[in-house]
Structure formats: C-alpha cells, structure tokens
Amino acid sequence: MSLRERRQALIEQGELGGDQFCRAYAAAADTWLTGLFDDATGGDARGMALVAVGGYGRGELCPYSDLDVVLVHRGRRDVSATADRIWYPVWDEGIALDHSVRRPDDMLDMAAEDLRVALGLLDARVVCGEAKVAEPVLEGARDRWARQRPPWLGELADQVAERHAAHGDVGFLLEPDLKEAHGGLRDVTALTALVQAVPVLADYVDSVALDDARRVLTAVRVELHRRAGRDLNRLLLQEQEQVAGALGHPDADALMHAVATAGRTVAWEGDDAWRRRNAWSRTQDRRRRRRRDGDDRPAAPIPLDAEPGIALGEDEVVLTADADVAGDPSLALRLAAVAAERNLPISRDALNLLGRKAPAAPVPWPDGLRDTLVRVLATGPPAVAAFEALDRRHLAERYLPEWAAVRNRPQRNPYHRFTVDRHLLEAAATAATLAHRVHRVDLLLLGTLLHDIGKGFPGDHTEVGMGVAAEIAGRMGLAEDDVAVIVTMVRLHLLLPDTATRRDLDDPATAQRVAAEVGSRPTLDLLAAMVEADSLATGPSAWGPWKAGLVADLVERTSRLLAGEPVAPPTPLITDDLGLVMDTVRREGAPALSIDPPQVTVVAPDRPGLLAEVTGVLALHGLNVRSAVVAGEEGVAVEVFTAEPDRGRWPDAARLSSDLAALMAGTLAIEDQLAARAHTYRNARRATTPQLVSTQVTVDNNASASASVVEVRAEDVVGQLHRITQALVDCRLDVTSAKVSTFGSAVVDAFYVRGPDGRKLVDPQAVAAVERAVVERIGDPGR
C-alpha cells in the first residue's frame, strides 16, 4: 500500500484524531520510507541513514503536513542516484516533501549557518539506515544548541516577534492560524527550543498546561486538515461547525472557546519564558561586567517599594513579603495599576499567590477600589496586558464575576477581530486615549468596559447588558445618577454609528431623535468617545474617515440642539454650476457625469428608475456607494453619490458616462453583466467569509417627518443597491436619499422614500408589498 493510500485510510478513521493520528501517520511514513530506502540501497545501507527532522521528527504529522527528511551519508558515490530513487516515489504520491542530502559535517555546518536547520535537528531522529552515521550529528547539534554555539536565541526571538505581528493571536481572532499565530503550535516548538538552551526556564514553564494546550490545538489542526483535504492551518469560519462536531463540541462557539483558551495558555507560557530569558541574559551580562571591573555588588537590583505590598523588581512588579494578600481586596488591582503605569509585567509568583488567596471584592465597593480599577484602565494600551495577567488566574472574576461569561467568547462576525473579553479591554484602552473629550473619565472607562457585557448572556446583548451593567455599577458603589449614565451608555452604544450611517443627517428629525434619546451634552460626549473607541477596537473596517465624519456631523448637530443653539441649514444640492449643467442636459437630452472623489455627480433627464440605472452602472465599474442624495427640477434629476472604489482606483468618468447613456438608450445589458460580476465576487468572498445573510426589510415611519425609511439588511454582493432600488421603483416609490453601510458580509441600506401620492407609506398593505418586492428582487441566501 502506498503512503497516500495509508494516509487516506487513516483519514477515514474518524475516531483517530489529534496526537494519535499524528503518531500513526508518522509510523506509516516511517514504514513506507524504510521500504523505499531499502529498495533504493539494494539492502546495502552502509554509510547512509535517512533522518526525519522538524514535525516529522517529533512524530507530529497532521494529514497534509510536509515530510521533512535528510539523507545523511559518508561520501557514498551512489548517493545522488539513491536519493532520487527515494524522492521520486514520494513526489509521485503527491506528498509534500522537504528534502536534502548531506554529509555529517555538512549538517553541522548548515546548523551553524541556518536557524531553521538548527531547530529542525533538535527534533531529528533516524528513520532507517545505519544509525551511527547520523546519531553523532544529532547529538552534536543538540549540544551546540544547548551551549548556544552559535548564539541563535536572539534571532529566534526576532522571528517569533515578527510572526506574532504578521498573524495575530490564536486566543482572540475569529479565524486564527493554529500554527503561525501568537499562541499557536510553532510557539510551542520555539518555547521547547528556548528551554533546551536555557534549562533554568523549565522551572517556570507549566509543562502540563502547555502540553494540554498543544494537544487541543493539534486535535483541531488534524480535523481541519481532514475537512479541508489540504494543509490548511487557518481555522476558517466555514470549517468551524464541522470541526466542532468531529471533536465532540456542542457547537462552533464551544470549539472556539477551547481554541482561545489553549492559545492564550501557549502565549502566556511563551511570553513569560522569553521575558525571563531576556532578564536572565541581562543579569549575566551585568555579572560579567562587574567581575571584569572588580565590582562585588549583587547583579540583580534589590526590589524597590512602589506602594504598600507592591515593589518593583528588575523587570517585573512583585509583591512584598508583608503584602496582605488575603485581607486587601484592592491588592490585585493595585498590582495591575503599578504594572500598567510602568509598562512592566506582573510577577508569576505574585499572580499565583493572589490566585490562591485573594478575596472577592466587598459589596458595595469602597470608593478607593473603584478608583483603582479606573486607574488601571486609564493607562490605556498597557491596561490590556495587566488586566489579562490578572485574568490568567481568574482574578478579574473576584471583582467582576460576570467576566467569566465573556472570557474567550467568540464573536461570530467577520466585522469583529477579537473575542468579547479582549474587545472590551481594547475598547476601554482606546477610550483612555480619548479621555480629554469628556467631563467624567471614570464613567467613560467603566461604561466602555461594560458596553458589550451582555454578549456573555442569552438574549439581545443590549437589553441584557443594561441589566448586567446596572448590577455591576451598583456593586461598584456608584451613585444612582452615575449608574443611570452607565446604563444609558450600554443602551445607546450603537445609536450614533447606526444613525449616522443609516439616516439622512440633513433631515431635522434625525438629530432631534438622537437628542431626545441622549438627553444631555455630557452624555453625548461620553457616547461619542465610546463609539470611536468601540469602533477602533472592533476592526479595521469599523472606523474610517467616512464613518468618523458622519458621526462627528451628527454629534455636532445634536450638541447644538441640546444647547438650544440653531442647527445650520443643509447646503443646497443644486448649486449655480449644477444649474448650468442641468440647462445643458435639458437642452441636449444626454446625461452628464463627473467625478470629484469621493463624490460622483450625475445630471440626467428625469425618468422612473433613473437611480436604479445609475447605481447599476456605478457597481459595474467597481464603485461602492456609501450615500446618495436626489433632487431635480423641470424634468432634470441631480443625483450625488458618495462612493469609494473597491480596488482603490477610480474609473474613468467618460466610460461611466458612456455606459450610462447606453443603459438609458436600452443598449447595455446591465443585469447580465452585474450578475456575472456578483457571481465572481460572491465566490471569492465566501472562500474566506462564508456566512450567508438573511434578507430583512423594515419600514420606519418615525425617523423622518416627511418620508418613510425603508431599511434593507442583505448579503453584500455586487449590484445589490441597484437591485433594491429597482424593487422600490417597481413599487412606484420616489427615493430622495439613501445610506449604505457594510458590516462584514452584510450591507444595511436605508432609503428615504415617498409613495405615489408624495406621502409616507402608512397603508399596511403597501408596506407589506414593498417588503415582498425587495425580497423577491434580491432573494434571501440566508434561508
């Protein structure tokens, strides 16, 4: 049986997973390669051995891992032909192979020149052949690594840091790379190599927890390979439910919770070991310098007291011998505050001691305890590491029991890049950088920390979160009015961005509704700062110049209303220059189009369905419409769009004008071309973002005094705005403006419309007809 057939047989044994699969596959590879080796050498293996290195050497072969091997020889003349007789059958099988042919001395020389080779030899073993040819080399490579000849650890540390920067964290990403990301399997390998070079670190690494985490990640990686049928290490959304089922998890959320827990364990152990190595290295350097200079003082400085019970060590924050660990409920938070303020890690010994003995917070909290939490959060980005260090020993729950419900909780939306707990910390840290905008920094930081706390509990996260936040704020000892503000921040944390991106800001009713909800300028300032922090912590697509500008505009208008100041009237859409263009269009009958990024302006003879036609042409040329405003007079329409190119390059205005004229003349098959483009776009996006979005249509008659707002949530595909607009035209509705927002794989389009009589849609049958028409026009892929 070939190796490919043996691998497939193992893959089909669904109960064979994790380390068990890896060992079985490695054993099968050993047997098969031994047969190839014996055939290639004709039974004469003198002076030759086949060595497995890297993951294969460790026996960690996932279904589609590479076979990493070295043919070691003592100068046999037939080695090249022998190697070919081994390699070619492997290639013929379609098995990925990383191979080389080396003399023993050459292997050691390569290990001295190439870090990858040096690391691979640490896990190397002889598969077959004459063992004494290779074993001295393997022992020599391990000995050199232990003595750091050459000193590779600095370069290894740099590579680890670069990999983390490139791939993010296993513990917090929606689709983590199980191998390369921070907390992934490659970190386990790097940590093992580090401990081999600095054995004293073994006393500080929790080897049991580390191996448990490695086994979890390995089991998931094996199933991911099995499902994908290839060497896939990024746990994509479309694979998570099936992998969860194969591993016995009730659902994908449970799987991702386990992955996040394992990833955070690996990251914690690795980061701590690398930090200790750096400290050990600095201490050794000082000792050498002092011996050279005849200085007999201790190499490590004596800890300096920072505040009661807490001291500063050489490169970490520690507890003093007289710290009241069991009696001082503020001690863990104060420790985090000192660490964050000085951007230092917290001693593992201190965390372990607090984890065993620290008391729960009293109820209600004394003012000083609440102030200490605010003190931690006010440090900004360093607060994230400090708070998470406490959370490693479940100390966060001593203060916020509800934190357990959001720890490692995934957010199954590509819009978000972090788990719920990490998102809350990142948002609060970002809010600290915006503290100068508000009158109560404590309420900003606490409200931001709690704004999504409801996601850890069943039900609508905003409604549930209001109750949870009220309970937490009450336990913290906040005054009733302050508790009410915190609850308002949770209740309205989506108000500003949703309104700014989905409603017409020039409609007076928009700012009036927001002002009525918010109630005061101080609360508005808190919401504005929290929204920006929340969006920046969500992900790169959640906050940009367009959204920031809309929110700022809405806040300005609302602030004026709350202050009793007049709101500036909207700028007229039809300017004198546009009036001249309209005269030309009226006279000649041909449309005119201009581009002044980010605006696209179209002036054309007015006719039913013109907005649908224009949005179709814009989509065909790769322009994503963010907003549209429509006006007109005397048979000529003016449509102004805010747009952005989907590939960063603006199309030629002349080509757009030509296609629009052709469409209006009936010579451009817009629907067929949009369908083809949408098919390509959808397939490409679903390869990485597979969630199907159910179509939802609502009609809001309270958002505007003069128009109904038809809001459509649908899948984000090319030409969707065109199709929705056409459905509204088919219902004989007049669209006066539109707003478009994108959230991962979904869009939310809001249209200000009037019926054929120029009024709102108040007839329930008319509303139902609009909802049916939109769904029928665009379909519902989520069903």
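Residues numbered from 1 in each chain as written. Predicted model: local features only at pLDDT ≥ 70, side-chain atom pairs only at ≥ 80, totals over all residues. Heavy atoms only, no water.

All right, on to the packing of aromatic side chains then. Per the counting criterion, the structure on display carries 5 aromatic pairs. Measuring from centroid to centroid gives 6.4 Å for F172 and F418, while their planes differ by 80 degrees, and the two rings are edge-to-face. Taken together, the residues span a long stretch of sequence, with F172 in the loop between α8 (153-167) and α9 (185-197) and F418 in the loop between α18 (403-406) and α19 (420-432) at a distance of 246 residues. As far as burial versus exposure is concerned, F172 and F418 are alike and both buried. For the pair F387 and W403, a centre-to-centre distance of 5.2 Å together with 65 degrees between the ring planes defines the contact as edge-to-face. Of this pair, F387 sits in helix α16 (residues 382-392) while W403 sits in helix α18, and the two are 16 residues apart along the sequence. Side by side, F387 and W403 carry an identical accessibility label, which is buried. We note R422 situated over the ring of F172; from NZ or CZ to the ring centre the distance is 4.3 Å. In this arrangement the basic side chain of R422 is found over the ring face of F418, its NZ or CZ atom lying 5.2 Å from the centre. (Phe/Tyr/Trp six-rings, centres within 6.5 Å; stacked < 30°, edge-to-face > 60°. Helix = DSSP H or I, 4+ residues; strand = E, 2+ residues; numbered from the N terminus. Buried < 20%, exposed > 50% of the residue type's maximum accessible area, 1.4 Å probe, protein only. Lys NZ or Arg CZ within 6 Å of the ring centre and 35° of its normal.)

Moving on, we come to the nonpolar core. Core analysis: the biggest nonpolar cluster contains 88 residues, and L319, I346, L354, W403 and L496 have the highest contact counts within it. When residues in this core are grouped by element, the largest group, 9 residues, is from helix α13 (residues 331-341). Excluding residues that lie within four positions of it along the chain, L496 makes contacts with V514, L524, L527, A528, V531, V551, L554 and V555. Listed in part, the 55 residues of the second largest apolar core include M107, L122, L191 and L201. (Core = buried A, V, L, I, M, F, W, Y, C linked by side-chain atoms within 4.5 Å. Contact = heavy atoms within 4.5 Å.)

Together, V200, Y204 and W280 make up a nonpolar patch on the protein surface, roughly 280 Å² of accessible area in all. With respect to the helices and strands, V200 occurs in the loop between α9 and α10 (207-228). For V200, a relative accessible area of 42% corresponds to the partly exposed category. (Patch = residues over 30% accessible without salt bridge, like charges linked within 9 Å, V, L, I, M, F, W, Y side chains within 5 Å. Areas by Shrake-Rupley, 256 points an atom, 1.4 Å probe, with all protein chains shown as cover. Salt bridge = Lys/Arg side-chain N within 4 Å of Asp/Glu carboxyl O.)

Let us look at helix α28 (residues 610-620). Among the 11 residues that make up α28, 11 are buried, leaving the element largely enclosed by the rest of the structure. Taken together, the buried positions of α28 are L610, L611, A612, E613, V614, T615, G616, V617, L618, A619 and L620. Phi turns positive, to about 80 degrees, at G622, one or two residues after α28.

In this structure, D177 sits in the loop between α8 and α9. Of the side chains bearing the opposite charge, R234 lies closest to the buried D177, which forms no salt bridge; the N-O distance is 7.1 Å. A polar atom in the side chain of D177 sits 2.9 Å from the backbone nitrogen of K179. For D177, the side chain forms a polar contact with the main-chain nitrogen of E180, separated by 2.9 Å. Beyond its immediate sequence surroundings of up to four residues, D177 is in contact with H167, V170, N233 and R234. (Lys, Arg positive; Asp, Glu negative; His and termini not counted. Polar contact = N/O pair within 3.5 Å; in protein donor to acceptor, adjacent residues only side chain to side chain.)

The subject of this paragraph is the pairing of strand β1 (residues 48-52). In terms of residue burial, β1 counts as a mostly covered element, since 5 of its 5 residues are buried. Residues M48, L50 and A52 point to one face of β1 and A49 and V51 to the other, with burial holding for every one of them. Where β1 meets strand β4 (residues 125-129), 4 bridges bridge the pair, whose relative direction is antiparallel. Paired with L50 across the strands is C128, a residue of β4. (Pairing = 2+ DSSP bridges.)

What follows concerns the environment of A96. Within the element layout of this structure, A96 appears in the loop between α4 (79-92) and β3 (97-102). Looking at A96, the relative accessible area reads 34%, which means it is partly exposed. Considering only alpha carbons, one finds A96 and V625, 529 residues apart in sequence, at a separation of 45 Å. Contact partners of A96, with chain neighbours within four places excluded, come to S65, D66 and L67.

With that settled, the discussion passes to the pairing of strand β8 (residues 592-596). Sheet topology places β8 next to strand β9 (residues 599-605); 5 bridges connect them, and they run antiparallel. What sits directly across from A592, in β9, is V603. Between β8 and β9, which follow one another and run antiparallel, lie 2 residues.

Here the focus is the sheet that holds strand β6 (residues 310-312). The antiparallel open sheet is built from 3 strands, whose spatial order is β5-β6-β7. Sheet topology places β5 (304-307) and β7 (317-319) at the edges, where each strand pairs with a single neighbour. Direction aside, neighbouring strands of the sheet carry axes that sit 45 degrees apart on average. Pairing analysis gives 3 bridges linking β6 to β7, with the strands arranged antiparallel. Among the inter-strand pairings, A311 is bridged to a residue of β7, identified as V318. (Axes fitted to C-alpha atoms, helices over the stretch in contact; angles between N-to-C directions.)

Taken residue by residue, the protein gives an average pLDDT of 92. The fraction at 70 or more is 95%. Of the regions scoring below 50 in pLDDT, residues 684-690 engages in 17 contacts with residues more than four places distant in sequence or in other chains. (pLDDT = per-residue confidence, 0-100.)

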